[in-house]
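Listed below are the residues making up each chain.
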Amino acid sequence: MKPALVTCYVDPDLDGVSGSFAYAEFLQKTGKSAVAGIFGKPHEEAKYILNRFDIPYPQEFPDAYEFDEVILVDSSDLKGLGNKVSPPKVIEIIDHRKINDTNAFPNARIQIELVGAAATLVAEKFIESNVAISKESAILLCGGIVSNTLNFKAGVTTDRDREAFEWLNNEAQLPESFWKELFLAKSDLSGDALSERIQGDFAWFEMGRKKVGIAQIEMIGAKELVTERELEILQILNTIKEERDLDSIFQSTLELEDEKNFFVTDDDEMKKLLEKVLGIEFAYNIAIREGLIMRKQIVPLLKAELEV
Ligand SMILES: [Mn+2]
């Protein structure tokens, strides 16, 4: 029998890569033929952990057309898949996004739970079925959890994420400094790396009658980035806005060490909206918010304002 493809959105982050890799292992160990695969290029963080622990890269596929069955992990949004997967072929979805397109997948068994990481949901499969996990999968899932919960500091973090991490780390045995290494690995945005990062982790959303683009960067050194390269950021954002025919766009930069968000936009309407829903204040094109807030938390707030 042909294996099922376990995958996520194009250019996957660490949560998506780790969840796909480990869930394929779980399926194989419980008697289902499955292979992990990715579309596009994994995020820096995912590359870092694969290289650092000498874990083989999941196979890269141009699309899912050669497969009869597809399983999505950390992914339930049609746009993110970029037409690489035919929705009726999707037989299962494991994700943690409040805003999703699960209605578009008529044949999928759907698990959406609002924990901090899809990696947590995959770890729980092993725990609940008492299936031993490989060290590689344990390391990757730990990375997915640390990354998506911003080392357990993000508001999306739950006890389930902490418990899953603890269970996984028995096998992974990661050093104390792991989170910082992981975050530093994605913090070098010198030169063209900035524009590549913005493009690589960009997402846009329909909100009422508007198309809103949100660039998100998670790093150590956010303050320096937005103050020193504000104009460059605005230029990149406005190019994307034009190319994708968006109504508004902004960037949210998360400072992982000092726990703040820096918002950048030169769109006055967007500034007012963000000031209202986030309780922040722009000084020219930059606003700071204490604590960490992620795009997946901001989107429902904006939607609630724009879809009245
Ligand atoms: Mn995720």
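Residues numbered from 1 in each chain as written. Predicted model: local features only at pLDDT ≥ 70, side-chain atom pairs only at ≥ 80, totals over all residues. Heavy atoms only, no water.

1. A look at the sheet that holds strand β1 (residues 4–7)
Within the open sheet, the six strands sit side by side as β3-β2-β1-β4-β5-β6. Their pairing is parallel. Among the strands making up the open sheet, the edge pair consists of β3 (59–60) and β6 (109–112). With two bridges connecting them, strand β2 (residues 34–38) and β3 associate as parallel partners. Looking at β3, one finds that Gly 37 is bridged to Gln 59. On the sheet, helix α1 (residues 14–29) packs against β1, β2, β4 (70–73), β5 (90–95) and β6 and is oriented at approximately 170° with respect to β2. Packed onto the sheet, helix α4 (residues 118–129) meets β4, β5 and β6 and runs at close to 110° relative to β5. (Pairing = 2+ DSSP bridges. Helix = DSSP H or I, 4+ residues; strand = E, 2+ residues; numbered from the N terminus. Contact = heavy atoms within 4.5 Å. Axes fitted to C-alpha atoms, helices over the stretch in contact; angles between N-to-C directions.)

2. Some points on helix α7 (residues 178–185)
Every buried residue of α7 is listed here: Phe 178, Leu 182 and Phe 183. Along the axis of α7, the buried residues cluster in a sector spanning 125°; they form a single face. (Buried < 20%, exposed > 50% of the residue type's maximum accessible area, 1.4 Å probe, protein only. Arc of directions from axis to C-beta.)

3. Here's the deal with unusual backbone geometry
Of note, the phi angle at Asp 54 is positive, near 55°, even though the residue is not glycine. Structurally, Asp 54 can be placed in the loop between α2 (44–52) and β3. Within the chain, Glu 259 stands out as a residue other than glycine whose phi angle is a positive 55°. The residue Glu 259 is located in the loop between β9 (248–255) and β10 (260–264) in this model. By relative accessible area, Glu 259 is classed as partly exposed at 31%.

4. With respect to the pattern of salt bridges
For the structure shown, the criterion picks out 23 salt bridges. We note a salt bridge from Glu 232 to Arg 229, for which the minimum N-O separation is 2.9 Å. Measuring nitrogen to oxygen at the nearest pair gives 3.8 Å for the salt bridge that ties Glu 307 to Lys 303. Judged by relative accessible area, which is 42%, Glu 307 ranks as partly exposed. Taking relative accessible area as the criterion, Lys 303 reaches 18% and is therefore assigned buried. Bridged by salt links that share partners, the residues Glu 45, Lys 186 and Glu 218 form one connected network. (Salt bridge = Lys/Arg side-chain N within 4 Å of Asp/Glu carboxyl O.)

5. Examining the layout of surface pockets
Roughly 1,300 Å³ of volume is contained in the largest pocket. As for the largest pocket, its lining consists of 45 residues, of which His 43, Gly 200, Asp 201, Phe 202 and Arg 295 are closest to the centre. If you list the elements that add at least two residues to the lining of the largest pocket, you get α2, α3 (78–81), α5 (135–148), α8 (193–200), β7 (202–207), β8 (210–219) and α12 (295–306). Along the lines of polarity and charge, the residues of the lining of the largest pocket split into 14 nonpolar, eight polar and 23 charged. A domain split of the lining of the largest pocket shows at least three residues from each of domain 1 (4–183) and domain 2 (193–306). Empty space within the second largest pocket amounts to approximately 160 Å³. Forming the boundary of the second largest pocket are His 96, Arg 97, Lys 98, Leu 114, Val 115, Val 156, Lys 296, Gln 297 and Pro 300. (1 Å grid on protein atoms, 1.4 Å probe; cavity = no way out; pocket = protein on both sides within 12 Å on 5 of 7 lines; lining within 4 Å. Points joined across faces, edges and corners; volume = space filled by probe spheres on them. Nonpolar A, V, L, I, M, F, W, Y, C, P; charged D, E, K, R; others polar. Domains from an automatic or database assignment.)

6. Quick look at the nonpolar core
Among the nonpolar cores identified, the biggest contains 53 residues, and Val 6, Tyr 23, Leu 141 and Leu 168 are the most heavily contacted of them. Of all the elements, α1 adds the most residues to this core, at eight residues. For this core, the domains that each give at least three residues are domain 1 (4–183) and domain 2 (193–306). Ignoring any residue separated from it by four or fewer positions in sequence, one finds Leu 141 in contact with Ser 18, Gly 19, Ala 22, Ala 119, Val 122, Ala 123, Ile 133 and Leu 168. Within the second largest apolar cluster, 21 residues are counted, among which are Trp 204, Leu 225, Ile 236 and Leu 246. (Core = buried A, V, L, I, M, F, W, Y, C linked by side-chain atoms within 4.5 Å.)

7. Considering the packing of aromatic side chains
Summed over the entire model, instances satisfying the criterion amount to seven aromatic pairs. With a centroid separation of 5.8 Å and 10° between ring planes, the pair formed by Tyr 23 and Phe 26 is classed as stacked. Of this pair, Tyr 23 and Phe 26 both sit in helix α1, three residues apart, which is roughly one turn of the helix. A residue is classified by how much of its surface remains accessible, and Tyr 23, at 3% relative accessible area, is buried. Given the relative accessible area of 8%, Phe 26 is considered buried. When the centroid spacing of 5.2 Å and the interplanar angle of 85° are considered together, the rings of Phe 61 and Phe 67 count as edge-to-face. Judged by relative accessible area, Phe 67 falls into the buried class, the value being 4%. Taken together, the aromatic side chains of Tyr 23, Phe 26 and Phe 126 make up a single cluster linked through ring pairs. One Lys or Arg, Lys 79, reaches over the ring of Trp 204 and ends 4.7 Å from the middle of that ring. The ring of Trp 179 carries the charged tip of Lys 153 above its face, separated from the ring centre by 4.6 Å. (Phe/Tyr/Trp six-rings, centres within 6.5 Å; stacked < 30°, edge-to-face > 60°. Lys NZ or Arg CZ within 6 Å of the ring centre and 35° of its normal.)

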